[in-house]
Amino acid sequence: MKKQQNQQNISPANLIRQRGRTWEIGKCYCQKEDLERNGEGAFIITRLHKGGKISVASFLVDRYCLGVKDTFFQVLVDEDYLDEYFSHLESYGPPFVEIPYIEAHNWIYGSVEWALEAGIAPHKDFAITKYMLEDDEDESIPIINYEFGKNGKHFLVAMDEQEADKYLPILKKNLKEGEYDFIIPASDSLFDDEYDDDEYDDDDDEYDDDEYDDDEEDGTPRTRYSYVHPGYPSKYKKGASSFSAIIDIEKSGSNPSQADFKKVLKKGGDTLRKDLEEFALYATGLTCDGYNDDAPEYIGNLLFYALALLAEAGDENSVKVVLETLRQPRNFYDDNFFLEERDMYINTLFNLSDGQLDAYTSFAKEKGLDIYCKEIVLATMAMMGAVSEELRDPVIDRFGELLDFYTENMKKGVYDYCDPELARQFVDCIAALNAVSLAPKIKKLYSLPSMKKHKVPMDIVTYIELGDVTLIDIKNNSTLEILTEYIEYFG
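Analysis parameters
- Residues numbered from 1 in each chain as written.
- Predicted model: local features only at pLDDT ≥ 70, side-chain atom pairs only at ≥ 80, totals over all residues.
- Heavy atoms only, no water.
- Helix = DSSP H or I, 4+ residues; strand = E, 2+ residues; numbered from the N terminus.
- Buried < 20%, exposed > 50% of the residue type's maximum accessible area, 1.4 Å probe, protein only.
- Contact = heavy atoms within 4.5 Å.
- Areas by Shrake-Rupley, 256 points an atom, 1.4 Å probe, with all protein chains shown as cover.
- Pairing = 2+ DSSP bridges.
- Axes fitted to C-alpha atoms, helices over the stretch in contact; angles between N-to-C directions.
- Phe/Tyr/Trp six-rings, centres within 6.5 Å; stacked < 30°, edge-to-face > 60°.
- Polar contact = N/O pair within 3.5 Å; in protein donor to acceptor, adjacent residues only side chain to side chain.
- Core = buried A, V, L, I, M, F, W, Y, C linked by side-chain atoms within 4.5 Å.
- Expected span 1.5 Å × (residues − 1).
- Arc of directions from axis to C-beta.
- Salt bridge = Lys/Arg side-chain N within 4 Å of Asp/Glu carboxyl O.

**Q** Explanation requested: the overall build of the protein chain in the structure shown.
**A** Along the protein chain, the regular secondary structure elements total 21 helices and seven strands. Looking at the protein chain as a whole, 51% of its 491 residues qualify as buried. Considering only intrachain contacts with a sequence separation of at least 6, the fraction spanning at least 24 residues in the protein chain is 72%. Accessible area of the protein chain: about 23,200 Å², with a carbon and sulfur share of 45%.

Here's what the structure looks like:
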């Protein structure tokens, strides 16, 4: 898979979560005039990357009552982007002035604390952009006591009656009478106690990011993730292998080099394999149930390293562990990896593939797994058949078996094993092998009503004969090169 295609899997939000605080702080800006005059102003924080790129986070701060009302981020952009962003914001308000980071830090976190006293949480995306700020528990950052509120009270300046309807019940619930005031400038009037707590429905923070709905918006069925994972190790005891040195390097905030990885591999042996497997399962357990604020920020990188090094260790006994890490929900990969994870998994499974066709076929038949992960395994099988003449026919036979299995279940309206999107990706894997013998089975699959939107734009045989040359962009280099690309990109 080409790098450009892989970059579609980057999650900027989770890149910030795990790496934001490791980037050097750049210039910081504030709309001071608005902040001082109207109690509301925007802050911009930049972080610097090697090669001249920057990442940007903005925070709309209401110092009177609401704290961080809005927040926005962009990663790995050119400095020209910042100039355009300033121009856009300044067309609606006063110019930005450069301020020390310490001032921005205290204004932003101070406003959040002030709002929380009234029961008002910051904008939901603050859970991401706070990682563009230093940790507020960092004792090395001086505390500046700015004034929040107005005349010692929480003072709600509502844009309209709807916003007043939203926040007044919260203020009434969490503050005593006389501890808050409010106004709607548009009507220039104060409101009486006419807001019923029962009418308030704070659903702004309740957003559904479950991408595994039963159906897409157009009604196309989708596989719902339903895998129940076993218990994973809750602790990791550093073994005798030198992977412990990689952990220490990453923990220190540095980036391990190819030489460091080679030292790990030089020790090799069964001890290294078991150590890497144990760590992979431990790291999986830390974030398999969703993003975990308590997990070390570097855990995703170490999981990537451990899996990639298992590929270099080349022991087929590791397949079981690698496949277990592939049974996680889609957000697991967003939370832990940002680039090259597809290449890394395919490379790893391919290197460990001797005699594993049974294991990979069984994985492809499992119920309720993420289709992204199943496609990785199917692509690995296609690579095995494309590289080895000896394996080509066995792989095609397994693909025929899977075509029958998927078609039979989808015909019954059962999408726990395969949905139309995975079926489309699977046909691309078959085309990569030029497996024309499977054309009749593919036609049967495409005859299903649920496959209507995925019809190929030509005759099935022609489509297979053309093949999918991008699917098997086989890397003849080692996994260490994938590791190097990964580290260089995020260094």
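**Q** What am I meant to see in the sheet that holds strand β1 (residues 24-30) here?
**A** Where strands meet in a sheet, backbone hydrogen bonds hold them as pairs that are either parallel or antiparallel. With respect to topology, five strands assemble into an open sheet ordered β4-β3-β2-β1-β5, the strand pairing being antiparallel. At either end of the open sheet lies a strand with only one pairing partner, and these are β4 (67-77) and β5 (97-99). Taken over all neighbouring pairs, the strand axes of this sheet differ in orientation by 25° on average, direction set aside. Here strand β3 (residues 54-62) runs beside β4; their pairing, made up of eight bridges, is antiparallel. Within β4, the residue paired with Ala57 across the bridge is Phe73. Its contacts with the sheet put helix α5 (residues 101-117) on β1, β2 (40-48), β3, β4 and β5, and the angle it makes with β4 is roughly 135°.

**Q** Would you mind showing me how to read the packing of aromatic side chains here?
**A** Here the distance between the centres and the angle between the planes together describe a pair of aromatic rings. If you walk through the whole model with that rule in mind, you get 22 aromatic pairs. Seen in terms of ring centroids, Trp107 and Tyr146 are 4.0 Å apart; in terms of plane orientation they differ by 5°. Their pairing is stacked. Of this pair, Trp107 sits in helix α5 while Tyr146 sits in the loop between α6 (126-129) and β6 (154-157), and the two are 39 residues apart along the sequence. On the accessibility criterion, Tyr146 (22% relative accessible area) is partly exposed. Ring centres of Phe405 and Tyr406 lie 6.0 Å apart, and the angle between their planes is 55°; on these two criteria the pair is classed as tilted. Given the relative accessible area of 1%, Tyr406 is considered buried. Taken together, Phe399, Phe405, Tyr406, Tyr417 and Phe426 form an aromatic cluster joined through their ring pairs.

**Q** What is the right way to read the environment of Glu324 from this model?
**A** Mapping Glu324 onto the fold places it in helix α12 (residues 319-325). Here the alpha-carbon distance between Glu324 and Leu281, two residues 43 residues apart in the chain, equals 8.0 Å. Leave out the neighbours within four places in its chain, and Glu324 touches Tyr227, Pro230, Tyr232 and Leu281. Polar contacts involving the side chain of Glu324 include one to the side chain of Arg327, which spans 3.1 Å.

**Q** Would you explain the nonpolar core in this entry?
**A** Buried together is how nonpolar side chains tend to be arranged in soluble globular proteins. Judged by nonpolar contacts, the single largest core of 87 residues is most densely connected at Phe243, Phe279, Leu326, Leu378 and Phe399. Dropping the residues within four chain positions of it, Leu326 is found in contact with Tyr333, Tyr345, Leu349, Phe363, Cys373, Ile376 and Val377. Counting residues in hydrophobic clusters, the runner-up holds 30 residues, among them Ala13, Tyr109, Val112 and Leu133.

**Q** Teacher, can you tell me more about helix α4 (residues 79-90) here?
**A** Since the α-helix packs 3.6 residues into each turn, any two residues three or four apart lie on the same face. Helix length check: α4, at 12 residues, gives a terminal C-alpha distance of 17 Å against a target of 16 Å (1.5 Å per residue), a fit within 8%. Of all the residues in α4, the buried ones are Leu82, Tyr85 and Phe86. Projected down its long axis, α4 shows its buried positions confined to an angular sector of 100°, all on one face. For α4, the exposed residues set more than 90 degrees away from the buried face come down to Asp80 and Glu84.

**Q** How should the environment of Lys367 be read in this particular structure?
**A** Structurally, Lys367 can be placed in the loop between α15 (357-364) and α16 (371-387). Considering only alpha carbons, one finds Lys367 and Tyr227, 140 residues apart in sequence, at a separation of 7.4 Å. Not counting residues up to four positions away in its chain, the partners in contact with Lys367 are Ser226, Asp416 and Tyr417.

**Q** Even after reading the chapter, I still don't get the pairing of β1, so can you show me in this structure?
**A** Remark: a regular strand shows side chains that alternate across the two faces of the sheet. Bridge count for β1 against β2 is five bridges, and the pairing is antiparallel. Residue pairing across strands places Cys28 opposite Ile45, the latter belonging to β2.

**Q** Teacher, can you tell me more about the pattern of salt bridges here?
**A** One side chain can pair with another of opposite charge once the charged atoms of both are near each other. Tallied over the entire structure, the rule returns 19 salt bridges. Note that Asp358 is salt-bridged to Arg398, the shortest N-O span being 2.7 Å. Of this pair, Asp358 sits in helix α15 while Arg398 sits in helix α17 (residues 389-411); the two residues are 40 residues apart in sequence, bridging distant segments of the chain. Classification of Arg398 as partly exposed rests on a relative accessible area of 21%. For Lys441, the salt bridge goes to Asp404, with nearest N and O atoms at 2.8 Å. One end of the pair, Lys441, is in helix α19 (residues 439-446); the other, Asp404, is in helix α17, and 37 residues separate them in sequence. Connected via shared salt-bridge partners are Glu33, Asp34 and Arg37.

**Q** Is there a simple way to explain helix α18 (residues 420-432) in this structure?
**A** In a regular helix each residue adds 1.5 Å, so 13 residues correspond to 18 Å; α18 covers 19 Å between its end C-alpha atoms and thus fits that length. The buried fraction of α18 is high, at 11 of 13 residues. By the burial criterion, the buried members of α18 are Pro420, Leu422, Ala423, Gln425, Phe426, Val427, Asp428, Cys429, Ile430, Ala431 and Ala432. At its buried positions, α18 is contacted by α16, α17, α19 and α20 (460-466). Phi for Asn434, located one or two positions after α18, is positive at around 50°.

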